[in-house]
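# Chains, contacts and geometry: an overview
Here are the chains, one letter per residue:
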Amino acid sequence: MKIRYFAWMKRTVGVSEEEVTPPAGIDTVGDLIVWLRGRSPGHAEALAEGAAFGAAVDQRTATFDVKLAGTREVAFFPPFTGG
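Residues numbered from 1 in each chain as written. Predicted model: local features only at pLDDT ≥ 70, side-chain atom pairs only at ≥ 80, totals over all residues. Heavy atoms only, no water.

### Section: the side chain of E73
Looking at the element boundaries, E73 is found in strand β5 (residues 73-77). If near-sequence neighbours (up to four positions away) are discounted, E73 is found in contact with K2, R4, A56, V57, D58 and Q59. (Helix = DSSP H or I, 4+ residues; strand = E, 2+ residues; numbered from the N terminus. Contact = heavy atoms within 4.5 Å.)

### Concerning the environment of T21
The residue T21 is located in the loop between β2 (17-19) and α2 (29-37) in this model. For the pair T21 and K2, spaced 19 residues apart in sequence, the C-alpha separation works out to 8.8 Å.

### Observations concerning the sheet that holds strand β3 (residues 54-57)
Sheet strands pair by backbone hydrogen bonding; their relative direction is either parallel or antiparallel. Sheet architecture is open: five strands sit in the order β2-β1-β5-β3-β4, paired in mixed fashion. Either end of the sheet is taken by a strand with one partner, and the two such strands are β2 and β4 (60-62). Ignoring which end each strand starts from, the neighbouring axes of this sheet average 25° apart. As paired strands, β3 and β4 are joined by three bridges and run antiparallel to one another. (Pairing = 2+ DSSP bridges. Axes fitted to C-alpha atoms, helices over the stretch in contact; angles between N-to-C directions.)

### A closer look at the packing of aromatic side chains
Inspection of every chain in the model, using the stated rule, returns three aromatic pairs. Centre to centre, the rings of F53 and F76 are 6.0 Å apart; their planes meet at 80°, and the pair counts as edge-to-face. With F53 in the loop between α3 (41-46) and β3 and F76 in strand β5, this residue pair connects regions lying 23 residues apart in the sequence. In terms of burial, F53 and F76 fall into one category: buried. (Phe/Tyr/Trp six-rings, centres within 6.5 Å; stacked < 30°, edge-to-face > 60°. Buried < 20%, exposed > 50% of the residue type's maximum accessible area, 1.4 Å probe, protein only.)

### Topic: the environment of E19
Inspection of the secondary structure puts E19 in strand β2. Accessibility expressed as a relative area gives 56% for E19, which makes it exposed. In contact with E19, other than residues within four places in its own chain, are M1 and K2.

Everything listed here is a matter of geometry and, on its own, says nothing about what the molecule does.
And the structure:
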């Protein structure tokens, strides 16, 4: 599965994207976030509990309870505003 990071999250994690193979039991976006936090201090900071960020699964905005079965890409991004 490809994981993509945008804006300050990309700088904090240190990469704009990475390929990962989550272990069994990582079923939702929320599970993935918890697992990714353990990859590095940058991941832990960017994906910290209480941090403001959103997610997209296969280029569609997603909540953290969305199931990952069959997912090819998950993206994380900071909040954005319109104008």
